[in-house]
Amino acid sequence: MGFLDKLGLHRKKKTFVPFTMEKMKKDDVPKFYNKNNILKIVLSLGFLILIIALYPKTQIQETAYSIGEPWRDDDLIAPFTFSILKQDEDIRAEIQDIRHNTSPIFLHDHQAETHALQQLDSLFASLTMVLDAYADWQESRLLESRQQALEDSLFYIRARNRSGIMLDNNAWEPLLERHANDRLHAPADDPAYRPFAVELESVMHNLMRSLFNDGIIDISKEAITTPDITIRNVRDRTEREESVQTVRTLRDAREFSRLRLARQFDEEMVRSAMQIYNKVAEPNLIFRAEDTEQRIEDLIDRISTTKGAVSAGQTIIRRGDIITPDRHNVLQSLARARSERASDIEIWSKYTGEIILVVAVFLIFFLYLYLYRRAIFDNNPMLLLVFLTIALVYSIGAFVARVEDLTAYLVPFAIAPILLTIIFDSRVGLMTTTLIALLAGLMFGNSFEFVVATITACSIGVYSVRDVKDRSQFYLTTPGLIFFSYAVVLFGFTLTKVGGWSIYFDNLLFLAGNAVGIWLTYPLILLIEKAFRITTDVTLLELSDTNKPILKRLMLEAPGTFHHSLQVANLAEAGAAGIGANPLLCRVGALYHDIGKMEKPQYFVENQMSGNAHDKLKPRMSALIIKNHVDAGVKMAKEIELPEVVIDFIKTHHGTSLIRYFYEKAMNETGNEQEIQEEDFRYDGPIPNSKETGILLLADGVEAASRSMSDHSYQKLENLVNRLVDDRLTEGQLNNCALTLKDLKVIKDVFTRILQGMYHGRIKYPGQVEEEAADSAAEEKPGTPAS
C-alpha cells in the first residue's frame, strides 16, 4: 500500500514497513505479496466485477429527469426523425381490447354429428324390435291364444333386456302402447301406413340435423365475451363468423327439442322422446382454447409500439418546461432511438463512464475500511462478509431495475447497513448506507431524489438498531421507521414538483413492500452467525434471558452462585457502559462465568448453608477443586454450544491470579515455603484479552470481596475497589486487555457507586440492633472466600 502512503492516504499507525525489491528477503514477502493480501485483492476485484456485471444496460439519454420536475437543460431539439413510443398503459389497453374482442374459435366436429346420427339409428333399430315384440304379444292376447301369448310375452321380455335401451318405465309405456295400438287399428294393405317407431325416428333425425346445422357449442355462452364466434371447418378448409345468438348450448338445444316435439306429440310422448334425445345428443362445435390463445398472441405481436413521430429539428422541450407524462414519453423515445443509432464508440464511452463512477464510489468505502476499520480490512472472512451483504441487496436492486413495472423503492436496501451495524458498528453501517445509496442511485437513472431518500431512511434504520433490545425491532420499529423516513422525504420532493401525487402514492405501495423486506434481517443474522462463526447482539440478547435452561439449573443447584452472577453482571454491565465497551457482552459473560460451580456447588462459600466442606481437605486439594470450576464451566459451555466469545469470559475471569486463602493456609500449616509451589494455587488462565473480559475479572473480585465486609460505608467500599483493581493491575492480570488508566478510574467510580446502591443503609427496627450484635459475636469462625 506504499502508493496510498505517498498520496497521504496512510493509516495513522502503519501496518506495512516500506521496502524495496532489492532488499526484500523471503522472510519479508508477507509484508505485501502474501496470500492474505492477494486474497484481499481478489475479493475486492471480484466484488467490483460483480457490481459492474449487475449494472443494468440503460439507454443513452441527454440527462436525468423525472415526471413533474422542470427541464433544467437547454432547449432540446430533435437531432433526427424518430418514432414516439406508445406508453405502457396504451399498450396494455390494446392488449386488453384484443383479449376482450377476439372471437373464440370453435372446431366443426363432423364426426360428432355422424356419431350421434348413427347412435340414433342403432337405438331405433333395437327399439323397433322391442316395440314389435310387444305388439305381437298384445295381438296374441286378443286372439286368446294362451300358449302363443305366453311365448310372445317371453320373447318381448328377452328382446327388451337384450336391447340395452335404458329408459324408465314411464318412458317405455307410451311408446309400447302407441306402437301396439297403431298396429291393431291400422287399415289392412294400406300402402301409406308407417309404424309409429318409423315416424318417431324420422322426427328425431330431422330434429338432430336441424340442431347440428345451427350448431351446438360445448361451453356456456356466459364464457363468451364477444358477439360472434369463429367456426373453423377443417374438412372444407373454411372459416366463418357466426353470431352467438344463432348457436345453442347443450341446455339450449335440449329446450329447443322439447318445444319442437311438443308440437307433434302429447306430453307423455315428449317425455319419452326426450329420454331418447338425451342419449344421443352431443355438441358439434368444440371450443379450441389453444387456437384462440394463439390467435390472440398473433394479434398482440402485431401491435405497433409507436404512435406518430418527431421530425428532425422539432423542439421537444424547452428549458423550464414541466416534464409531463407525454413529454417524458417523448424523451424516453429519443433515448431509445439514440441507443439504437449509437455507434460502438458511444456505447463503449457510456460503459466506461459507468465503470468509472462505480469504481469511484467503491473507493470511498474501500479506503474507509483500510484507514479506519483495520479489524475488518485485515480479516478476509469479515471483508468477504461485508462484500456479500452489500452484493445481496445490490443484486435484488439489479433485478428490480430490469422489471419495467417496479421501482427502486421496492428494494429493501436498508438490510445491508442494518446487518453490518449489528455485526460491527454504526459507522460501518452509515458508510455502507452511503455506498449503497450512491450505487443504487447510479443504477436507477442517476436519481438524486432516490439517493437522498435512501440515505435518510437507511441512516434512520442504522440508528434504530445501534442498541438492540428485542426482536420486535426487526419486525415493527425498524421497518416502520424506514417506511416513514422514505415517505417523508418523497413527500417533500413531491411538494417541490407540479403534480406527481399519483406517483407518490404508487411509491408508497412499493415502500410497504420495502418495509416487509426488512423482516429478512433477522433470519439473515442467524445465517451469518452460523456461516462466519460470529456473535452479534441479537444472540447475546437471547443469552441474557435468565430463563435459559443452564441458568435455571444454576439457580436451583447453586443459588448463591446464581445471585453472585447477577450482581457481577450488574457491575460489569455498568462498568462497560461507563467506558464505552460492550455492556451486553459483559452482562452475558458475567451470567455464565461461574456455571462450572454447578459441578461441586457445596465447595463454594456462597452456596454453603451450614459447615464448610473444605475443613476436611488439604489446602492443595481445596485449591484444585476451586480451580477446576473454570475447566468445568468451559466444558459445560461447549456442550450447550455457547459462542466462543462467551466461553472466553469463563476461561479468563480469574486470569492467573493466586487463590490466596488456601495458599496462606498451606503456608501456615507447613511452615516451610519451599514445600509449597505457588503454581499449584494459581488459576491456569489465560488472562483477559479484551476490555470486556478485563472488566469481568475486576467485577468478579470486587463483588466477592464486598460480600465479606461488615462495614459497607462509601469510604470502605471505595478503598476496597481501589485496592483490588490496583492489585490486579500490579499482578499483570490486565496486561493483555486494552483498558487504560483512565478507563480503570471510571470503572472504579462506577463499581463504588453500584456497590453503594447494593448495600445502601436501612432503618433499624426495635430489637434489631441487639440481635445483630449477638449474631456478630457468634460469627467468629472464618469461612472460605468466594472465588
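1. Regarding the overall build of the chain
- Looking only at helices and strands, the chain has 31 helices and 10 strands in total.
- Residues classed as buried in the chain amount to 43% of the 787 residues present.
- Intrachain contacts of the chain at a sequence separation of at least 6 include 77% that bridge at least 24 residues.
- Of the roughly 42,100 Å² of accessible surface on the chain, a fraction of 55% belongs to carbon and sulfur atoms.

2. Concerning the packing of helix α7 (residues 196-214) against helix α9 (residues 267-280)
- The interhelical angle for the contact between α7 and α9, taken along N-to-C directions, is 55 degrees, at an axis separation of 11 Å. The orientation of α7 relative to α9 falls into the category oblique. Two packed elements cross with a definite hand, and for α7 against α9 that hand is right-handed. Packed against α7, whose contacting residues are Phe196, Leu200, Met204, Met208 and Leu211, the element α9 presents Met269, Ala273, Ile276, Tyr277 and Val280 at the interface.

3. Some details on the nonpolar core
- Grouped together as the largest cluster of nonpolar side chains are 71 residues, with contacts concentrated most on Ile390, Tyr409, Phe413 and Ile422.
- Sorting elements by how many residues they give to this core places helix α14 (residues 380-401) first, with 11 residues.
- With residues up to four places along the chain from it excluded, the contact list for isoleucine 422 reads Val465, Val468, Phe474, Ile525, Thr536, Asp537 and Val538.
- Counting 51 residues, the second-largest nonpolar core is a separate cluster that includes Leu540, Leu554, Leu697 and Val725.

4. Quick notes on helix α20 (residues 521-532)
- Compared with the 16 Å implied by 1.5 Å per residue over 12 residues, the 16 Å span of α20 between its first and last C-alpha is a close match.
- Residues of α20 that are buried include every one of Thr521, Tyr522, Leu524, Ile525, Ile528 and Glu529, and no others. Within α20, the buried residues cover an arc of 160 degrees as seen down the axis, which keeps them to one side. In α20, the exposed residues that point more than 90 degrees away from the buried face are Leu527, Lys530 and Ala531.
- Note on α20: the residue one or two positions beyond its end, arginine 533, has a positive phi of about 55 degrees.

5. Some thoughts on unusual backbone geometry
- Cis peptide bonds are those with omega within 30 degrees of zero, and the linkage from glycine 685 to proline 686 qualifies with 5 degrees.
- Structurally, proline 686 can be placed in the loop between α27 (660-670) and α28 (691-707).
- Positive phi outside glycine occurs at arginine 533, with the angle close to 55 degrees.
- When you line up the elements, arginine 533 lands in the loop between α20 and α21 (537-543).

6. Section: helix α29 (residues 714-731)
- The terminal C-alpha atoms of α29, which comprises 18 residues, lie 26 Å apart, in line with the 26 Å expected from a rise of 1.5 Å per residue.
- Looking one or two residues past α29, glycine 732 carries a phi angle of roughly 90 degrees, positive in sign.

7. Focus: the pattern of salt bridges
- In total, this model carries 29 salt bridges according to the counting rule given.
- Its salt-bridge partner being arginine 99, residue glutamate 297 comes within 3.3 Å of it at the nearest N-O pair. Separated by 198 residues along the polypeptide, glutamate 297 in helix α10 (residues 289-301) and arginine 99 in helix α3 (residues 88-101) bring together distant segments of the chain.
- Taking the relative accessible area as the measure of exposure, arginine 99 reaches 35% and is therefore partly exposed.
- Ionic pairing is found between arginine 288 and aspartate 291, a salt bridge with its closest N-O pair at 3.3 Å.

8. Section: the packing of aromatic side chains
- Per the counting criterion, the structure on display carries 26 aromatic pairs.
- Ring centres of tyrosine 409 and tyrosine 486 lie 5.9 Å apart, and the angle between their planes is 85 degrees; this geometry places the pair in the edge-to-face category. With a gap of 77 residues between them, tyrosine 409 in the loop between α14 and α15 (415-423) and tyrosine 486 in helix α18 (residues 472-495) connect regions that are remote in the sequence.
- Since its relative accessible area comes to 6%, tyrosine 409 is described here as buried.
- Over the ring of phenylalanine 377 we find lysine 40; its NZ or CZ atom is 5.1 Å from the centre of that ring.

9. Observations concerning the environment of arginine 327
- Of note, arginine 327 is situated in helix α11 (residues 325-341).
- Along the backbone, arginine 327 and isoleucine 67 are 260 residues apart, and their C-alpha atoms lie at a distance of 8.6 Å.
- Here arginine 327 is in contact with Ile317, Asp321 and Ile322, once residues within four sequence places are set aside.

10. Side note on the pairing of strand β6 (residues 238-243)
- Bridge count between strand β5 (residues 228-233) and β6: 6 bridges; the pairing is antiparallel. Bridge pairing links arginine 232 to glutamate 239 in β6.
- In this antiparallel pair of consecutive strands, β5 and β6, the connection spans 4 residues, and arginine 237 shows a positive phi of 55 degrees.

11. Considerations on the packing of helix α23 (residues 559-579) against helix α30 (residues 741-758)
- For the pair α23 and α30, the least separation of the axes is 9 Å and the interaxial angle reads 140 degrees. On the basis of the axis angle, α23 is oblique to α30. The handedness of the crossing between α23 and α30 is right-handed. In this structure, α23 contributes Gln567, Leu571, Ala572, Ala574, Gly575, Gly578 and Ile579 to the contact, and α30 contributes Asp743, Val746, Ile747, Val750, Phe751, Ile754, Leu755 and Met758.
- Split by residue class, the contact of α23 with α30 holds 11 nonpolar, 3 polar and 1 charged.

12. Quick look at the confidence of the model for the chain
- Within the chain, residue pLDDT values average 84, and 88% of them lie at 70 or more.
- Contacts from residues 14-30, a stretch scored under 50 in pLDDT, to residues over four places away or in other chains number 11 contacts.
- Here residues 775-786 scores under 50 on pLDDT; set against residues more than four positions off or in separate chains, the count is 14 contacts.

What counts and what doesn't
Residues numbered from 1 in each chain as written. Predicted model: local features only at pLDDT ≥ 70, side-chain atom pairs only at ≥ 80, totals over all residues. Heavy atoms only, no water. Helix = DSSP H or I, 4+ residues; strand = E, 2+ residues; numbered from the N terminus. Buried < 20%, exposed > 50% of the residue type's maximum accessible area, 1.4 Å probe, protein only. Contact = heavy atoms within 4.5 Å. Areas by Shrake-Rupley, 256 points an atom, 1.4 Å probe, with all protein chains shown as cover. Axes fitted to C-alpha atoms, helices over the stretch in contact; angles between N-to-C directions. Parallel < 35°, antiparallel > 145°, perpendicular 65-115°, else oblique. Left-handed = near helix turned anticlockwise from the far one by under 90°. Core = buried A, V, L, I, M, F, W, Y, C linked by side-chain atoms within 4.5 Å. Expected span 1.5 Å × (residues − 1). Arc of directions from axis to C-beta. Salt bridge = Lys/Arg side-chain N within 4 Å of Asp/Glu carboxyl O. Phe/Tyr/Trp six-rings, centres within 6.5 Å; stacked < 30°, edge-to-face > 60°. Lys NZ or Arg CZ within 6 Å of the ring centre and 35° of its normal. Pairing = 2+ DSSP bridges. Nonpolar A, V, L, I, M, F, W, Y, C, P; charged D, E, K, R; others polar. pLDDT = per-residue confidence, 0-100.

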